[in-house]
Amino acid sequence: MRRCKKCGAPAVIYMRQHRLGLCKAHYLEWFVEQTERTIRRYRMFRRDEKLLVAVSGGKDSLAVWDVLWRLGYQADGLYIALGIDGGIGYSAESQRLAEKFAQERGLTLHIVDIPGEYGLGIPELARRSRRGKGKPCSVCGLVKRHEMNRMAHDMGYDVLVTGHNLDDEVAVLFGNVLQWQMGYIVRQGPVLPEEPGFARKAKPLVRFYERETAAYALLRGIEYIYDECPFAQGAKSIYYKELLNRLEEERPGAKLQFYVNFLKAKEEGWFRDPREAAGPVQVVLHRCESCGQPTTAPGKCAFCRLMDQVGAQAQASRT
Ligand code: AMP
Ligand code: FES
Ligand code: ZN
Ligand code: ZN
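Residues numbered from 1 in each chain as written. Chains lettered and ligands numbered in written order. Predicted model: local features only at pLDDT ≥ 70, side-chain atom pairs only at ≥ 80, totals over all residues. Heavy atoms only, no water.

Participant: Can you lay out the nonpolar core for me, pointing to particular residues and giving the numbers?
Facilitator: Soluble, globular proteins show a tendency: their nonpolar side chains are buried together. Residues Tyr-27, Phe-45, Trp-65, Leu-68 and Tyr-216 are the most contacted members of the largest nonpolar core, which totals 59 residues. Leaving out residues up to four positions away in the same chain, Trp-65 has contacts with Val-53, Val-55, Ala-75, Asp-76, Gly-77, Phe-101, Ala-102, Leu-107, Thr-108 and Leu-109. The next biggest cluster of nonpolar side chains, apart from the first, holds 34 residues, and it includes Tyr-118, Leu-142, Val-143 and Cys-288. (Core = buried A, V, L, I, M, F, W, Y, C linked by side-chain atoms within 4.5 Å. Buried < 20%, exposed > 50% of the residue type's maximum accessible area, 1.4 Å probe, protein only. Contact = heavy atoms within 4.5 Å.)

Participant: Now, about the coordination of the zinc ion (ligand 3): what can you tell me, with residues and values included?
Facilitator: Looking at the zinc ion (ligand 3), one finds its protein donor set to be Cys-4 (SG), Cys-7 (SG), Cys-23 (SG) and His-26 (ND1), positioned 2.1 to 2.3 Å from the metal centre. Because the angles between the four donor atoms bound to the zinc ion (ligand 3) fall within 101 to 113 degrees, the donor set is best described as tetrahedral. One chain supplies every donor to the zinc ion (ligand 3), and in sequence these donors are spaced C-x2-C-x15-C-x2-H. In this pair, the class of Cys-23 matches that of His-26, namely buried. (Donors = N, O, S within 2.8 Å, 3.2 Å for Na, K, Ca; no water. Tetrahedral: all angles 85-135°; square planar, octahedral: opposite > 155°, others 65-115°.)

Participant: Could you give me a rundown of the coordination of the zinc ion (ligand 4), with the residues and numbers involved?
Facilitator: For the zinc ion (ligand 4), the protein coordination sphere consists of Cys-288 (SG), Cys-291 (SG), Cys-301 (SG) and Cys-304 (SG), at 2.3 Å. If you look at the zinc ion (ligand 4), its four donor atoms make angles of 105 to 114 degrees with each other, and the shape they trace is tetrahedral. Spacing between the donor residues of the zinc ion (ligand 4) along their common chain follows C-x2-C-x9-C-x2-C. Neither Cys-301 nor Cys-304 differs from the other in exposure class; each is buried.

Participant: Report on helix 12 (residues 302–310), specifying residues and quantitative values.
Facilitator: Turning to helix 12, its buried residues number three or more, namely Phe-303, Cys-304, Leu-306, Met-307 and Val-310. An end-on view of helix 12 places all buried positions within 155 degrees of arc, on one side of the element. On its buried face, helix 12 sits against helix 4 (114–118), helix 5 (122–128) and helix 6 (136–154). Positive phi shows up at Gly-311, right after helix 12, with a value of about 70 degrees. (Helix = DSSP H or I, 4+ residues; strand = E, 2+ residues; numbered from the N terminus. Arc of directions from axis to C-beta.)

Structural data, given as structure tokens:
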């Protein structure tokens, strides 16, 4: 039987990449300490800043909100109701769990209801759009990004926090490296600085494996939605995660090393935007003529163009 490295009690978890076994109490303590270290290490945010945590009702985002709350950060939640049923009442159940979590802790949860705001849920928006060949994930990603930015900006939050874990980040990095998508690679990281009109974005769980965030949520008694989004099946990211898990099986720590060494190389300047040679890169941003959010091209932003394309009624435009 594995024992807790700190107190010798039976371990509830053993992390091969750290050669570390811990009992329940010490695991919960370790998880919180490690998160705080990551927040400091990558200069994510301070205690006097206002955080908006995007919560999906899943283990990662509820775990990060719980940790930030325990650490005494000012963190409110944002749930985006996407109108996805998938035969399992996916959106309704995840909303119920996000609300329950907030209520139990007396925390503020903002809710954006996509079908309520725009007249259509994600499946219908995707069906009517040309984006993503009828697959909802691309439309869904665009809508979520837009709404997260809108809410963070309109309500004056400094930082938008998401629950991305190491497995998520490694799968994205692996996909980008397979295609050498340098534009994405140079921008990938645990924290994205604020830009005019956009809040800073931070991912405090980037150094935890998925099984570790799941263990934290379970051991803390957090009720979360186990089901993946019904549209996630067959997604490329899931395939990459499976491949990487096979690698990890043979070589414990491979995923962590792949990511951490990438970040180190980035810090050392190996991944630099070549345009920086001529001075700091100034991306020219325009204001979307419909919603006011920053956009790279003049005219309407991608979200508003989607809404026009599908004939949705945008009621949530910014004045
Ligand atoms: P995903 O893109 O589903 O892997 O989710 C990544 C992160 O986005 C999660 O950890 C959450 O922080 C956030 N997120 C996903 N879905 C929602 C949602 N419906 N409402 C608010 N935040 C979400
Ligand atoms: Fe958006 Fe699945 S969560 S398509
Ligand atoms: Zn212990
Ligand atoms: Zn717009």
